[in-house]
Structures are given as C-alpha cells and as structure tokens.
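Coordinate analysis (summary)
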Protein chains: 4
Amino acid sequence: MSKFEFKLLKEPDLENPVLVEGLPGIGYVGKLAADHLVEELNAEKFAELSSHYFPHHVTVTPEGVLETVKIDFYQAKTEDCDLVIITGDVQATSSEGHYKTSEKLLDISEELGVIKIYCLGGYATGKHSKSKPKVVGASNKEKILEGYRDRGIDVEEGTGPILGVSGLLLGLGKNRGMEGSALLGETHGMLVDHRSAQAVLEALSNLLNFEVDMSKLKERAEKTEEILSRLQKEKKIREVAGMGEGDEEVSYIG
Amino acid sequence: MSKFEFKLLKEPDLENPVLVEGLPGIGYVGKLAADHLVEELNAEKFAELSSHYFPHHVTVTPEGVLETVKIDFYQAKTEDCDLVIITGDVQATSSEGHYKTSEKLLDISEELGVIKIYCLGGYATGKHSKSKPKVVGASNKEKILEGYRDRGIDVEEGTGPILGVSGLLLGLGKNRGMEGSALLGETHGMLVDHRSAQAVLEALSNLLNFEVDMSKLKERAEKTEEILSRLQKEKKIREVAGMGEGDEEVSYIG
Amino acid sequence: MSKFEFKLLKEPDLENPVLVEGLPGIGYVGKLAADHLVEELNAEKFAELSSHYFPHHVTVTPEGVLETVKIDFYQAKTEDCDLVIITGDVQATSSEGHYKTSEKLLDISEELGVIKIYCLGGYATGKHSKSKPKVVGASNKEKILEGYRDRGIDVEEGTGPILGVSGLLLGLGKNRGMEGSALLGETHGMLVDHRSAQAVLEALSNLLNFEVDMSKLKERAEKTEEILSRLQKEKKIREVAGMGEGDEEVSYIG
Amino acid sequence: MSKFEFKLLKEPDLENPVLVEGLPGIGYVGKLAADHLVEELNAEKFAELSSHYFPHHVTVTPEGVLETVKIDFYQAKTEDCDLVIITGDVQATSSEGHYKTSEKLLDISEELGVIKIYCLGGYATGKHSKSKPKVVGASNKEKILEGYRDRGIDVEEGTGPILGVSGLLLGLGKNRGMEGSALLGETHGMLVDHRSAQAVLEALSNLLNFEVDMSKLKERAEKTEEILSRLQKEKKIREVAGMGEGDEEVSYIG
C-alpha cells in the first residue's frame, strides 16, 4: 500500500459533476449535511480512499465488523446536475497529511471531470442563538460570490481562516483552475448542530436547484451526539490511564 | 538500516499458522496475554523487528545489557494448529508509523503463510467490576463472528474504535484478503489487568482448542505493574525537570 | 504539487538586491516592519511560495475570496540598492519544515542574485518599558557587526537562540557563503508591538540609507491586534469543543 | 543540503579510536562531562554535523555571531588510546530523527575506525543526596560489564530505558558489531549536576586509564545553569504569549 489506496467499487456514471464535500469538523455541520444528502438523494457509493495520513484506528460496525477509516465517494443525480458527494470518518492527522489528502482528492476530482466544488462546514461563534443560523459563503473566485447575497448567503469577512480539507480543496483547487465555494453555517462550536447543517443544505440546494427533505436531520444529529459522547468518555479513560494503545507511555515497559 | 530491520533468528517450522498478536495497550491486556501464552506454550522466538518508527530508547536487561526496542516473533505448536505469537515492548510513535508497522507485519505474515489473525487487547470501561470480565469480539469478516456468542464472546457495538496495531492488522489485512478477529477484554483501563487477560486467553484457547495454565498470570501482572510504576515515576521527574534526553527544551543550551 | 510551489508573477527587475525578511513571530515585530516597508516603499509583489510544510488552512479576504497561505516576494528600489522583501502569513509547522523552507528561500535568493540578508524580528523581555526599544544585531559574519554600535544597534549576548526562518536563513546562508544580519527589537512578547517594529525599521533604514514614514505603523499594529484577538477567540472555542477541523478527536466518529 | 551535512574541518589523526559521546540530557551530566573532557585534554575539533532533524533555531555567540546548531567532533590522545569526543548543542526533535542521527554517527564512527563506544549521561532519581553519586554501567555486550563492579561502577537493573542518542548508539551499534557501554551518573534530574558528571568522568578515566583535572567542573556547571535559567524565562514568555516564531498560532494572521 502506498500512502493512499483508492478503491473504485464500481465505474461511476457522471457527466460534468459538481463535487460536494462534507467531512468531520466544527459542529459536525459539514459531515451531517453530506451524510444527510447521501441518504435523501439515494446517493450510491462508488469508491473509497484509505491513507497512511489518517488516524491509526479502525471503526467497528454495530455488527462487530472492522473497517479501516475511509473517505467515501458517492454519486447522485439531481434535475440540473450530477453530484459527487465526499464524506467520511476522518481528516488527516498532520498539516502535510491535509495537503496531500487534498491534492489526492483533487486528482480524483479531475479524473471524474468535476467542474465545480462545494465544501460544507461550520464556523464557530461560541454562542447559542435561537434565530436561524446564518450561512457564510467564501469562494476561490470572486465572480462566483455574485448573487450569493440574494440567496440569503452572507459574504463577508468574519469566518476566519478555514482549516482542513474544506479550505485546502478550494485553495489548492484554485491553482489548478478549479472553481469552488465553501458554505459555512453559523454554529456554537461545541455541539453537533443539525440546525446549522440544515441551513447549509438549504443554501446548497438553493444554489444547485434541488430539494431535500430535512425531517430526519435532527434524529441523525442526536445519534451522532450519542456516539461522540461515548467516545469522549472512552478517550478520557485512556488519557487518565496513560494507557492508550499507541501511546508512547505504554512503550516503556521492557 | 532502512525504516525496518527484520532479523530471522532461525528458520521457523510452520504449517498454515494462526497469528496471535498482543502488544502494549489498554490495561496491558493484550501484551500480558501474549507473553503468558509464549511462556505456557514454550513458544520459541524465531525473529525480531526493529524500526525507526518505534520510540527512541533502548531497554536494559536485569544484567545491564542494552537492547533496541523490538517486536518479537515466536512459534508454538498446539494440537490443532501452529501459532505465530507477536509480542514486544512497543508500538509505533506516529499514525504513519502505525500504518507502516502494520503493513510490515502483514508482509511478514503473508510470507509465513498465516491463514488467520487474532489480535488480543482490552477495552476501557473506567469502572471496577468484580464479575468475570466480558470479552468482545470484532472481526474483519462478518461470517467469522458466527458462533462467537455460543462461546461466551460478546459481539456488539460498544468497543469503540480500535487503536494501534490490533485494529490496523485486521483492517489492512482485510484489503489483502486475510481474515481475523480482535478479542478485547473488559477492563478498567488504568490498571494492569490479569483478570481481563485471563478472560481473553480463555476465549482464544476455546476458539483454537488448546489449554493454558493461568496460575502464573497474576504474578506476571504484578511484576509488570511494578516496572510500570517505577518508569512512571522516572518519567514524571523528567517532565518536571524539562530535561529528558531528546526533549526540545534541552536543546536550547548554546 | 511538490513540497513547494514557487509562482513567479512577473519577472523581477533587480540588481544585486538586498533581502529583507519579516515573517510572523515574537511581538509581530518582523512582520509589522516588513509589511510596513512594502507599503511605504510601494514595493511590488513579483512571486509567492506555497508549501506542504505550511499550516493546513486557507485565508479569506474581506471580499470572501479564499487563498492558500503563502510567503510573498516584493521588490523595491531605494537610492542605494534594490530590495527583495519577504513577508507572509505563516512559518512552517515542524522543525524539518523550517529547515526546508529556509533552504528553499536561500535557493530563490541565490537565483535572484541576493548579496546580503537582513532578518527582522523581536526578542522577548516579558517587561513593559516606556523607553525607546533597543535593537540587537546578530550576524553570521563577525565583520558585519563592526560599526553597528555607532548606529545605535546593540551587539551583545542576550538575544538567546533565534528561532524559525530568521535564524535559519542566516545560519544556513552562512554555509553557502551568504552574509547577513538579524535585527531584533526589544519587546514584551505578548503584544503586537509597533514601537519595536519602528525601532527595527529605523535601524534597517539607517544601515541601508533610505527613509521610511512611520506615521501609519501604529494603525497597522492595531489592525493586526484586532484580527489576532478575534482568531484567538475562535481558536479557544475550537479547543474547548475538541471539534476543530483536522483535530484528531473529530475523527473518532464511525 | 541533504538531511545531514557533515563538515570535515581537518583530516583527523586517529588510530583505533575510542568514541566518547556526551550530548544534552538528564542533569546535563553527559554534556558537562564531554565538554570538560574536551577542555582538559586539549581536544581538537575536526568535524561538525548539522541536520534537518535538529531544532529549528540558531545559537548566538557572545560576540553576536550566529551559528546553526551542531554536533561537534573532537580528537584527543591519551596514554593508552586515541579518543573521538562527540558533544554539541542538541539532540534530534523526533523519534525518527533520533534513529537517523544515531545511524549517521555510527556511519561516521565506522569510517573513523572507532573500536569502542562510551556514552555518558545521567539517570534521574528525583532525590537530593549528599553521598557520592553512583555510576551505573550498561553495555551492548555482557562480557564488557565484567570487572565494572571492581572499579566502582554498578551494574544492575534500575536505570530504566535509556533515551536518545546515548541509548540508540549502543543499541544500533550492536547490530553492526560495535561494542560499547553507557556510564550513567545518579542525579536529581532537575539540576545541572557537576558532581554526577565528575563521578561519570572518574569512571571513564579509570576504565581508559587517563587523568582529568576536575577543579573547573563546578564553575562550568554554574555557567550552564545560568544560561539555562535565562532561556527558560524566555521560553515561558513565548509560551504565555503564544507568539513563539514557528508557533502555529502565529500563523493564523491573514
């Protein structure tokens, strides 16, 4: 295995597709939105990417089946355009890993003929707010942002730098002449936020002209929060014990 | 020396062996179990693996002899099958190191003709429990899990992600068509746990149909705990002093 | 993209130029000084450098346009000499990255025919002081320091080791026979310090014999401080949440 | 520059030399001892090693002259044998860097015809003791330890793992058939310890049959402590400010 292993599960059927990316991040906004899109559009998984740059663990399904952590590729058709939806368990674990992963995703996108990129995510405010979460748009080409305000998407400074794959896909994509935007939902930052994910999805579906049923989004967020809280409890035990597998402290025993 | 140095101490005599892995981790369950197996089955060491991905220290034997840290390979014969037992001092120190080490171990396993993998370890609950520790099974092939429940091995979600070599051996092994399971013993997480190791060994010996005398397992755990507590004291001194060798702070002196 | 991407925006017009470097660091002294120099000398950007060694985020302009983080190259002419001014958003994220970045900058400098290097920065005292900040000079060739004291530049031990690109450009430059100095302004260390930047710029302009209007320097520092405090607030939210994109904790969700 | 730059300052005049290593570490015991040996034996510097694996800073001499951080090679002659003394400012910054640096030092040693290695260092007890510090010996060949006890060198478990170059030189040297010992002086761990360095030097000179005047060792330790406390103050300012050069936080400014 080289640094990346890209596995094509079936030949995709795509014409000038638009790429939608949603990986774990602030408020799980991007991942929630992308996962929901996959389900509501009946998107079909056609490929997966493993990497040595990803965290050194495996996931276990409810049936007890182990899987290496992956970024998954789905295809879906909407009235106006074909979609490639990228979602997954993880991001890379180092700065270099983020750059390499983003370049790899752009390589794959170019081969798939992707013509435009949308990266979904959240931006943290640290505040609870009852009003509808704002969505901020940022793009790697100024012209793309025209018309965003008319569709209820803010375009202004205030998002801060964008970390991880979302930002790099657009920044490095620009160097390749690939156009794209980030749609970032306002969120507290410390909670899994289905309301922010919904706002982001509404902005995206408005821009791409398709419909998404949002009724199950809240339930999905609750399930995610449950898993997260269990995992954080486990992580705390490991930390206190200084006994996590792969933890250097473990290594001292002779 | 390349990134890995694999040293064959003697040509192994193995037919379709089963691989059993137990490296340092949660509660030292996996390492305790594998070390105990080596001793009780009179397993013979036939190879060792060093790597630049391992921690940058050497161990010292009670006789004052220095050794680089290693993963050791043992062979043993049971009534039903040959075993390759992997145990050792350490795991890798980075995510990439974990991936590379796991791939290396799989390369070696393929050359040895390994037909099945069992990874031994613990899962942390953060609770003390007087009842017999549960053992949870997870596998990289759903079919393998059939029959586990009849043997007293739980198969259910609740183990969380599996970190380090144990998980990756199975996850990456799956990509190569190698089948295997993880057997994880319930444990507090902050103590060296011979009871959990015993439960895991009982599950394994039940599955592979051999006998292991458990009478010395507690003593082994106590010795391990002693070494660990001494090392943790030393580590604390180093940290407080900011004077550990290899510590960047040390480096400021001109 | 290899580890570095150097993009020449226009062919520079330079004769035996002097290199002036000012990247983010202690008190933002170096970056403030270099940015100010760029503006006051109407310096023209002619190239930019991206790298996998840089942090994994992108910046967003007030217009909502995304950019990968970069080190920028400007050219300016003064009465006595041509200048290449290096400034930018970031430094590398690892020791190795710092070495590689410094070597890359020296490669580019050699191709541009750079004959001398000045690295601008601060040294932290942890104290507030109302008197004019001292400037300390250090060089990779003892002879260069002659005459510094007459120009009000201190030359004495007391700067401690110099970290990052500023130090390495000079240290590694020495191996290539490139001469240069670091001009370090006294600063508290915890505040964006325009007074220290001014002292450093005065020392530089005195040495190179040009004039710089300092009237807008304070305003620039205030703007910098504003951006920084906003970003630090965001960073805190991310940390508390353990939900920053690219944060390993995020990765545990299955 | 590749990962290492080895610079031969003059052709050494050595016959079957013994290598003595003392780099920064616990209690500065090893570095103090090696530096003292260099001075008292009038050892002559003949080579230096720089590396991308070393910390990303440069040192500044009292005269204001910058130098990249280095490991230095000295030669000296004693009645019984020639010595190569390795000392320097730093150790590597990562596990992999430690392995690579140790292998590089062994490569150089082999070319110099080194026949035996002594690594000098300390082991931390966390206790102040008024009695003469013990010296513990550990070797990569059991036979070498014979006779150590008669010379007042303890040989017993209790040193714990040996970190950094000292341990790896011996561990990896063993794989190449190079014999050697570590001589570790008992020390508190949090103080620069000239008494421990003296005990280690006495053990070494006893084994190699030469004399060293110890009268200036205390003074050297005091100077070292002074530099260290100044640097730690600086480091604290940087940390509190979150503004160290090369610190990722710095990088957020757009």
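Per an unreviewed UniProt entry, chain A carries the name Proteasome assembly chaperone family protein and comes from candidate division MSBL1 archaeon SCGC-AAA259I09.

In terms of regular secondary structure, chain A is built from five helices and eleven strands. Its C-alpha atoms give chain A a radius of gyration of 18 Å, near enough to 18 Å, the size a compact globule of 254 residues would have. Sorting the 254 residues of chain A into buried and exposed places 64% on the buried side. Taking contacts inside chain A between residues at least 6 apart in sequence as the whole, the part at least 24 apart equals 77%. Of the accessible surface of chain A, which amounts to about 9,700 Å², a share of 44% is contributed by carbon and sulfur atoms.

Right, let's get into the packing of helix α1 (residues 29-40) of chain A against helix α4 (residues 194-208) of chain A. Residues and elements named next belong to chain A. Across the interface, α1 lies against α4 with an axial gap of 8 Å and an inter-helix angle of 60°. With respect to α4, the element α1 is oriented oblique. In terms of crossing hand, the pair formed by α1 and α4 is right-handed. Facing V29, L32, A33, H36 and L37 of α1, the residues of α4 in contact are H194, S196, A197, V200, L201 and L204. When grouped by side-chain class, the residues that make up the contact of α1 with α4 number eight nonpolar, three polar and no charged.

Non-glycine residue N16(D) carries a positive phi angle of around 40°. Relative to the elements of secondary structure, N16(D) occurs in the loop between β1 (4-8) and β2 (18-21).

Residue and element names in this part refer to chain A. Counted by the stated rule, this structure contains twelve aromatic pairs over all chains. Ring geometry for F6 and F73: centres 5.4 Å apart, planes at 85°, overall edge-to-face. Here the residue F6 occupies a position in strand β1 (residues 4-8), and F73 occupies one in strand β6 (residues 71-77), the gap between them amounting to 67 residues.

All right, on to helix α1 (residues 29-40) of chain C then. All names here are of chain C. Here α1 spans 16 Å end to end across twelve residues, near enough to the 16 Å set by a 1.5 Å rise per residue. Most of α1 sits inside the fold, with nine of its twelve residues counted as buried. Taken as a whole, α1 has its buried residues at V29, G30, K31, L32, A33, A34, H36, L37 and V38. At the C-terminal side of α1, N42 shows a positive phi close to 50°.

Next up on the list: helix α4 (residues 194-208) of chain B. Residues and elements named next belong to chain B. Taking 1.5 Å of rise per residue, 15 residues should cover 21 Å, and α4 covers 21 Å from first to last C-alpha, within 8% of that figure. Among the 15 residues in α4, eleven count as buried, and that is most of the element. Every buried residue belonging to α4 is among H194, S196, A197, A199, V200, L201, A203, L204, S205, L207 and L208, and all of these are buried. Backbone nitrogen of R195 and a side-chain oxygen of the N-cap are separated by 3.0 Å at the start of α4; the cap is D193. Looking one or two residues beyond α4, the residue adopting positive phi is N209, at roughly 65°.

This brings us to the pairing of β6(A). Residues and elements named next belong to chain A. By the criterion of burial, β6 is predominantly enclosed, with six of the seven residues buried. Here strand β3 (residues 44-51) runs beside β6; their pairing, made up of five bridges, is antiparallel. The residue of β6 that forms the bridge with K45 is Y74. Alignment of β6 against strand β7 (residues 82-88), held across seven bridges, turns out to be antiparallel. Among the inter-strand pairings, K77 is bridged to a residue of β7, identified as D82. Joining the antiparallel neighbours β6 and β7 is a turn of four residues.

Pairing in this open sheet of three strands is antiparallel, and the strands run β5(B)-β4(B)-β10(D) from one edge to the other. Where the open sheet ends on each side, the last strands, each with one partner, are β5 (66-68) of chain B together with β10 (162-163) of chain D. Here three bridges tie strand β4 (residues 57-60) of chain B to β5(B), and the two strands are oriented antiparallel to one another. Bridging from a neighbouring strand, V58(B) pairs with T68(B) of β5(B).

Analysis parameters
Residues numbered from 1 in each chain as written. Chains lettered and ligands numbered in written order. Predicted model: local features only at pLDDT ≥ 70, side-chain atom pairs only at ≥ 80, totals over all residues. Heavy atoms only, no water. Helix = DSSP H or I, 4+ residues; strand = E, 2+ residues; numbered from the N terminus. Rg over C-alpha atoms; globule rule 2.2 N^0.38 Å. Buried < 20%, exposed > 50% of the residue type's maximum accessible area, 1.4 Å probe, protein only. Contact = heavy atoms within 4.5 Å. Areas by Shrake-Rupley, 256 points an atom, 1.4 Å probe, with all protein chains shown as cover. Axes fitted to C-alpha atoms, helices over the stretch in contact; angles between N-to-C directions. Parallel < 35°, antiparallel > 145°, perpendicular 65-115°, else oblique. Left-handed = near helix turned anticlockwise from the far one by under 90°. Nonpolar A, V, L, I, M, F, W, Y, C, P; charged D, E, K, R; others polar. Phe/Tyr/Trp six-rings, centres within 6.5 Å; stacked < 30°, edge-to-face > 60°. Expected span 1.5 Å × (residues − 1). Polar contact = N/O pair within 3.5 Å; in protein donor to acceptor, adjacent residues only side chain to side chain. Pairing = 2+ DSSP bridges.

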